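Here is how the chains run, residue by residue.
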Amino acid sequence: METVEFERIGIMGAGSLGIILGAYIAEKRQVDLIVSSKATADALTTNGARVVGKVNKTVPVHALRAKDMEGTYDLFLYMVKQTANGTAIPQMLDHSHDNTVVCTLQNGLPELAVSEAFSQDRTVGAPVSWGATAIEPGVSMLTTPINEAYFALGSMTPRGSKYLPNIQAILELMCTVHTSDNLLSLRWSKLVINTVMTGTSTAIGGSFAKVFDNDWALKSAAYVGRETIEVISASGTSMGIGELDFSKIFSFDSDETISKTMKNIYNLWNGSRQAEASMRQDLLKGRKCEVDSINGIVVDVGKKHEVLTPMNDLIVDIIHAKEAGTIPVNASCKALFEAKIAEIETASKVR
Ligand SMILES: NC(=O)C1=CN([C@@H]2O[C@H](COP(=O)(O)OP(=O)(O)OC[C@H]3O[C@@H](n4cnc5c(N)ncnc54)[C@H](O)[C@@H]3O)[C@@H](O)[C@H]2O)C=CC1
Ligand SMILES: CC(C)(CO)C(=O)C(=O)O
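Under the annotation held in an unreviewed UniProt entry, the protein carries the name 2-dehydropantoate 2-reductase and is attributed to Methanobacterium lacus. Recorded in UniProt under Pathway (unreviewed entry), the annotation for the protein is "Cofactor biosynthesis; coenzyme A biosynthesis." Within the UniProt record for the protein, the comment given under Sequence similarities (unreviewed entry) is "Belongs to the ketopantoate reductase family."

What follows is the structure, given as structure tokens:
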């Protein structure tokens, strides 16, 4: 099979995730860490990219502001929040040639916006399994044990698959990469993780630990996952990252089986209990977050296929209220979640 080499690589958006991936890549080969602020570019240039948490390392890097980019890149590893697509995608286009490839590592279904600018053949996706928390400019905390961290990788079209082997080799400088010829399935599997863990922890106002340490929150997370699976199934998408069978994990219909789902959630993600979800990090900084691209997608696709999504609806509403300041960011909203669980269980009659 024809493969494509990438000489000039840029990490577009070296924040929580990008600092860490940038550090691993820069240990072995050329990569530019592209950021939006001068303070961050200066901190990275002066101090290097510093990884703390599950791994400790500091690596000298080449960093610059997006507006200081020169020439063109062969590959962008795209790690800006979807809320900043409107600025970042045109900036990448200005520094692209006809064969530039964009690999988006964002959450949600981010290939749609990227491919409108770069074509489907030149857009590939790499959902990220691991968590990272920005500590200060140039410093990020890896919150997932490195041996549990992986990327999934797929192209939007068969023609785009020629880019995958070399992108895989670049991402493997950090951790395992699972490739698939079904990118949509990889995306929805990641959306399960995000709706369950990122959505629930942000709505209840804490790190992943707050979900694991409160039965009502863990139970809410189980309902979020079950709804998300029902929506995926109604949309006709198949799923699969590695060996996990989310349809089985989130299938329950009794007290006993919901307890099993809650235990499974705990076992799967308790290793990342110190993770502050990416949406929560935005709320803590007073920014809007990606909820419409995460739990909001489940709500939208659910409406299209007439699947009810009461728990995802609640999470979207709470997170929007936290963005607007009508609910404090750290509020647990326990009463709202307990009332929603009671409503779902009464409506289902079985539970
Ligand atoms: N943080 C996490 O644990 C995870 C995040 N994700 C996803 O990865 C993506 C990135 O997330 P984070 O790293 O958490 O975001 P972040 O907000 O920490 O980092 C993004 C960086 O992009 C910079 N930026 C914004 N506009 C820019 C522009 N025009 N040009 C260059 N840089 C620009 C920001 O200043 C920021 O430093 C999101 O879609 C998120 O959902 C996926 C898995 C885990
Ligand atoms: C769940 C997590 C931390 C990755 O595993 C993530 O994607 C996020 O917080 O946005």
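A. Quick peek at the packing of aromatic side chains. Using the criterion set out here, one finds 8 aromatic pairs in the structure. Here the aromatic rings of F246 and F250 are separated by 6.1 Å at their centres, their planes lie at 50 degrees, and the arrangement is tilted. Residue F246 shares its accessibility class with F250, and that shared class is buried. For F246, a relative accessible area of 3% corresponds to the buried category.

B. Region of interest: the site of ligand 2. Close contacts around ligand 2 come from N107, S129, W130, G131, K190, N194, T198, F208, A277 and S278, and that covers them all. Separating an oxygen atom of ligand 2 from a side-chain N or O atom of N107 is a distance of 2.9 Å. Here an oxygen atom of ligand 2 sits 2.9 Å away from a polar atom, N or O, in the side chain of N194. If ligand 2 stood free it would expose 290 Å²; the protein chains cover 92% of that surface. Take the shell around ligand 2: its biggest share by element is 3 residues, from helix α6 (residues 183–204). For the shell around ligand 2, the class distribution of residues is 3 nonpolar, 6 polar and 1 charged. Two domains share the shell around ligand 2, each providing at least three of its residues, namely domain 1 (9–181) and domain 2 (186–348).

C. Up close: the sheet that holds strand β4 (residues 57–59). Reading across the sheet, the 4 strands line up as β4-β3-β10-β9 and stay open at both edges, with mixed pairing between neighbours. Each edge of the sheet is formed by a strand with only one pairing partner; in this case those strands are β4 and β9 (132–136). Taking the axes of each pair of neighbouring strands and ignoring which way they run, one obtains an average angle of 25 degrees across the sheet. By the bridge criterion, 3 bridges tie strand β3 (residues 49–53) to β4 in an arrangement that is antiparallel. Note that in β4 the partner of R50 across the bridge is T58. Those strands touched by helix α1 (residues 16–26) are β3, β4, β9 and β10 (139–142), and its axis lies near 90 degrees from that of β10.

D. Broad picture of the pattern of salt bridges. Enumeration over the complete set of coordinates arrives at 13 salt bridges. Where D121 meets R159, a salt bridge forms, and the shortest distance between an N and an O atom there is 2.8 Å. One end of the pair, D121, is in the loop between α4 (111–118) and β8 (123–125); the other, R159, is in the loop between β11 (150–155) and α5 (164–171), with 38 residues separating them in the sequence. The shortest N-O distance in the salt bridge between D213 and R273 comes to 2.8 Å. Here D213, found in the loop between α7 (208–212) and α8 (215–235), pairs with R273, found in the loop between α10 (255–269) and α11 (278–284); they are 60 residues apart in sequence, far enough to count as distant.

E. Structural detail: the sheet that holds strand β2 (residues 32–35). As summarised here, the arrangement of the 8 strands in space is β5-β2-β1-β6-β7-β8-β11-β12, forming an open sheet in which the pairing is mixed. Edge strands, defined here as strands with exactly one partner in the open sheet, are β5 (62–65) and β12 (176–179). Neighbour-to-neighbour, the strand axes of this sheet turn through a mean angle of 25 degrees, independent of strand direction. The pairing of β2 with β5 spans 4 bridges and is parallel. When the sheet's bridge partners are listed, I34 is paired in β5 with L64. Contacts between α1 and the sheet are confined to β1 (9–12), β2, β6 (73–78) and β11, with β1 contributing the most and set at about 160 degrees to the helix. Contacting β2 and β5, helix α2 (residues 38–47) crosses the sheet at an angle of about 170 degrees to β5.

F. Region of interest: the confidence of the model for the protein. Considering every residue of the protein, the mean pLDDT works out to 95; 98% of them sit at 70 or more. Taken together, the chains of this predicted complex give a pTM of 0.95 and an interface ipTM of 0.98.

G. Highlighting the site of ligand 1. Close to ligand 1 lie 25 residues; S16, Q91, N107, A132 and E290 are nearest. Between ligand 1 and K81 there is a distance of 3.1 Å, counted from an oxygen atom to a side-chain nitrogen or oxygen. Between an oxygen atom of ligand 1 and a side-chain N or O atom of N107, the distance comes to 2.8 Å. Surface burial for ligand 1 is 89%, taken as the share of its 820 Å² of free accessible area covered by protein chains. For the shell around ligand 1, the secondary-structure elements that each account for two or more residues are α1, β2 and α3 (85–94). In the shell around ligand 1, the residues fall into 13 nonpolar, 9 polar and 3 charged.

H. Spatial organisation of the UniProt feature "domain: Ketopantoate reductase N-terminal" (unreviewed entry) in the protein. Within the UniProt annotation, "domain: Ketopantoate reductase N-terminal" (unreviewed entry) is assigned to residues 9–144. For residues 9–144, the end-to-end C-alpha separation is 25 Å, with 29% helix and 35% strand making up the annotated structure.

I. Up close: the domain arrangement of the protein. Domains assigned within the protein are domain 1 (9–181) and domain 2 (186–348). The distance between the C-alpha centroids of domain 1 and domain 2 comes to 26 Å. On the domain 2 side, the residues contacting the 30 residues of domain 1 number 24 residues. Counting the surface domain 1 buries against domain 2, the share from its top three residues, K81, N107 and L109, is 27%. Summed over the shared surface of domain 1 and domain 2, the number is 2 salt bridges. In this structure, K81 and D282 form a salt bridge, with 3.0 Å as the shortest nitrogen-oxygen distance. Listed by contribution, the elements that provide at least two residues to the side of domain 1 that touches domain 2 are β9 and β11. Examining the composition of the side of domain 1 that touches domain 2, we find that 4 residues originate from one element, β11, more than from any other. A breakdown of the residues in the side of domain 1 that touches domain 2 according to their chemical character gives 12 nonpolar, 14 polar and 4 charged.

Calculation notes
- Residues numbered from 1 in each chain as written.
- Chains lettered and ligands numbered in written order.
- Predicted model: local features only at pLDDT ≥ 70, side-chain atom pairs only at ≥ 80, totals over all residues.
- Heavy atoms only, no water.
- UniProt positions renumbered as here; feature names shortened; annotations may be inferred.
- Phe/Tyr/Trp six-rings, centres within 6.5 Å; stacked < 30°, edge-to-face > 60°.
- Buried < 20%, exposed > 50% of the residue type's maximum accessible area, 1.4 Å probe, protein only.
- Near = heavy atom within 4 Å.
- Polar contact = N/O pair within 3.5 Å; in protein donor to acceptor, adjacent residues only side chain to side chain.
- Areas by Shrake-Rupley, 256 points an atom, 1.4 Å probe, with all protein chains shown as cover.
- Helix = DSSP H or I, 4+ residues; strand = E, 2+ residues; numbered from the N terminus.
- Nonpolar A, V, L, I, M, F, W, Y, C, P; charged D, E, K, R; others polar.
- Domains from an automatic or database assignment.
- Pairing = 2+ DSSP bridges.
- Axes fitted to C-alpha atoms, helices over the stretch in contact; angles between N-to-C directions.
- Contact = heavy atoms within 4.5 Å.
- Salt bridge = Lys/Arg side-chain N within 4 Å of Asp/Glu carboxyl O.
- pLDDT = per-residue confidence, 0-100.
- Buried area = accessible area lost by both parts, 1.4 Å probe.

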